[in-house]
Amino acid sequence: TINNLSLQGSSSGGTDTSAWSTGFNFTPGMVQVDSGTSTENYFPIYTCYTYNYSQQIYLASELAGSGQYITKIAFKYVSAGIPSTTWDDWTVLMGNTSQTGFSSTTSWIPGADLQSVFSGIVTPVAGQWMQINLDTPFLWDGTSNVVVAVDENVPGYSGTATWQSYTATGANRGILYYNDTNNPDPASPPAATVRNSNLAQIQFFAGDLPDCLPPTS
C-alpha cells in the first residue's frame, strides 16, 4: 500500500502555520537503498554470460527503518538483455553477516550461512522495479549486514542488461562469478570473476513478524 504524506509547520506552535508541503508517496515497511541514476551491468547478474552467481552486501545502516521480517525484495531493471528468457531462472539466497566486503576472489560468504528464499522465474520490465516475492521470508536480526545472493541458471545468454546501481561505501561489497559452460554451485563457488562496490539498488519490503516463524531449512 502506497501512502502520501504532507507536512505543515508553525514557528510558535499556534495558528501561524505554513502552507502544506507538496506530498510525497511512501510504502510502509519498505526501504530503498539509494535512488540515483547510475547504472551497472554486473549486479545482480551479468546477462552477457550463461551462468552467474553473485553476492552483494548491504549494510545494516542501509536497512534502517525496515522491518525485520523481509517478505519481498526488488531490483530495478533499466533496459537491454533481450530476451530475458535466457536469464530469468533465479535462486535467491539471503543471510545475516558481519562481513563488510570481499577481500579476495574466494572470500565468498559460505553457503551454509545463507537461506534460500526464492526459486523461480523473475519478470523484468524495462524501467521498472522487478519485485521478487520471497517463497520463504527472511528474518533480518536487526543489527547485522545482509547478503543477497543470486544464482542464475538458464543455459543461454543475451545482450547485456543494465541495472540501476550506486557506489557503495567500503571496498568490494559485491562479488560475481560468470561463465558460459560452468554453472557454479552456491555451496562451493569457484574463484570470482569480478569484485567491486558498484552494487544494484535494492528495495526491501518487510511485513509483520508472525507469532510462529516458518522453518528455514
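Because the structure is predicted, anything quoted here is derived from the model rather than measured.

> I keep staring at the environment of Thr162 and nothing clicks. Help me out?
Position of Thr162 relative to the elements: it lies in strand β11 (residues 162–167). Separated by 124 residues in the primary sequence, Thr162 and Ser38 place their C-alpha atoms 9.9 Å from one another.

> Could you clarify how one ought to interpret the nonpolar core in this entry?
Nonpolar side chains in soluble globular proteins generally cluster together in the buried interior. With 37 residues, the main nonpolar core has Tyr58, Ile73, Phe75, Trp90, Met94 and Phe204 as its most contacted residues. Setting aside anything within four residues of it in sequence, one finds Met94 in contact with Ile70, Ile73, Asp113, Leu114, Gln115, Val117, Leu134, Phe138, Val146, Val147, Val148 and Phe204.

> Is there a simple way to think about the packing of aromatic side chains in this case?
The description of an aromatic ring pair uses the distance of the two centres, along with the angle that the planes make with each other. Taken as a whole and judged by the stated rule, the model has 12 aromatic pairs. Seen in terms of ring centroids, Tyr77 and Trp87 are 5.8 Å apart; in terms of plane orientation they differ by 55 degrees. Their pairing is tilted. Of this pair, Tyr77 sits in strand β6 (residues 69–79) while Trp87 sits in the loop between β6 and β7 (89–97), and the two are 10 residues apart along the sequence. Between Trp87 and Trp163, the ring centres sit 5.7 Å apart and the planes meet at 70 degrees, which makes this aromatic pair edge-to-face. Of this pair, Trp87 sits in the loop between β6 and β7 while Trp163 sits in strand β11, and the two are 76 residues apart along the sequence. One exposure class covers both Trp87 and Trp163, and it is buried. Through a chain of ring-to-ring contacts, the aromatic side chains of Phe75, Tyr77, Trp87, Trp90 and Trp163 assemble into a single cluster. Above the plane of the ring of Phe205 lies Lys72, whose end atom (NZ or CZ) is 4.5 Å from the centre.

> What am I meant to see in the environment of Ser104 here?
Mapping Ser104 onto the fold places it in the loop between β7 and β8 (115–121). Distance in space between the C-alpha atoms of Ser104 and Ile175 is 9.2 Å, their sequence separation being 71 residues. With residues up to four places along the chain from it excluded, the contact list for Ser104 reads Ile175 and Arg195.

> Help me understand the pairing of strand β5 (residues 51–58), please; the structure alone is not making it clear to me.
Side-chain positions along a regular strand alternate between the two faces of the sheet. Summarising burial for β5: eight of the eight residues are buried, a large majority. When β5 meets strand β12 (residues 174–179), the two strands line up antiparallel, connected through six bridges. In the sheet register, Ser54 faces β12, and the bridge partner there is Leu176. Strand direction decides the pairing type here: β5 and strand β10 (residues 145–152), joined by seven bridges, are antiparallel. Paired with Gln56 across the strands is Val148, a residue of β10.

> How should the pattern of salt bridges be read in this particular structure?
Two side chains carrying opposite charge are able to pair once their charged atoms lie near each other. Applying the stated criterion across every chain, the model contains one salt bridge. For the salt bridge of Arg173 with Glu62, the shortest nitrogen-to-oxygen distance reads 2.6 Å. Of this pair, Arg173 sits in the loop between β11 and β12 while Glu62 sits in the loop between β5 and β6, placing them 111 residues apart in sequence.

> Would you mind going over the environment of Thr37 with me for this structure?
Relative to the helices and strands, Thr37 is located in the loop between β3 (30–33) and β4 (39–40). Accessibility expressed as a relative area gives 74% for Thr37, which makes it exposed.

About the thresholds
- Residues numbered from 1 in each chain as written.
- Predicted model: local features only at pLDDT ≥ 70, side-chain atom pairs only at ≥ 80, totals over all residues.
- Heavy atoms only, no water.
- Helix = DSSP H or I, 4+ residues; strand = E, 2+ residues; numbered from the N terminus.
- Core = buried A, V, L, I, M, F, W, Y, C linked by side-chain atoms within 4.5 Å.
- Buried < 20%, exposed > 50% of the residue type's maximum accessible area, 1.4 Å probe, protein only.
- Contact = heavy atoms within 4.5 Å.
- Phe/Tyr/Trp six-rings, centres within 6.5 Å; stacked < 30°, edge-to-face > 60°.
- Lys NZ or Arg CZ within 6 Å of the ring centre and 35° of its normal.
- Pairing = 2+ DSSP bridges.
- Salt bridge = Lys/Arg side-chain N within 4 Å of Asp/Glu carboxyl O.

These values are about where atoms sit, not about what they do.
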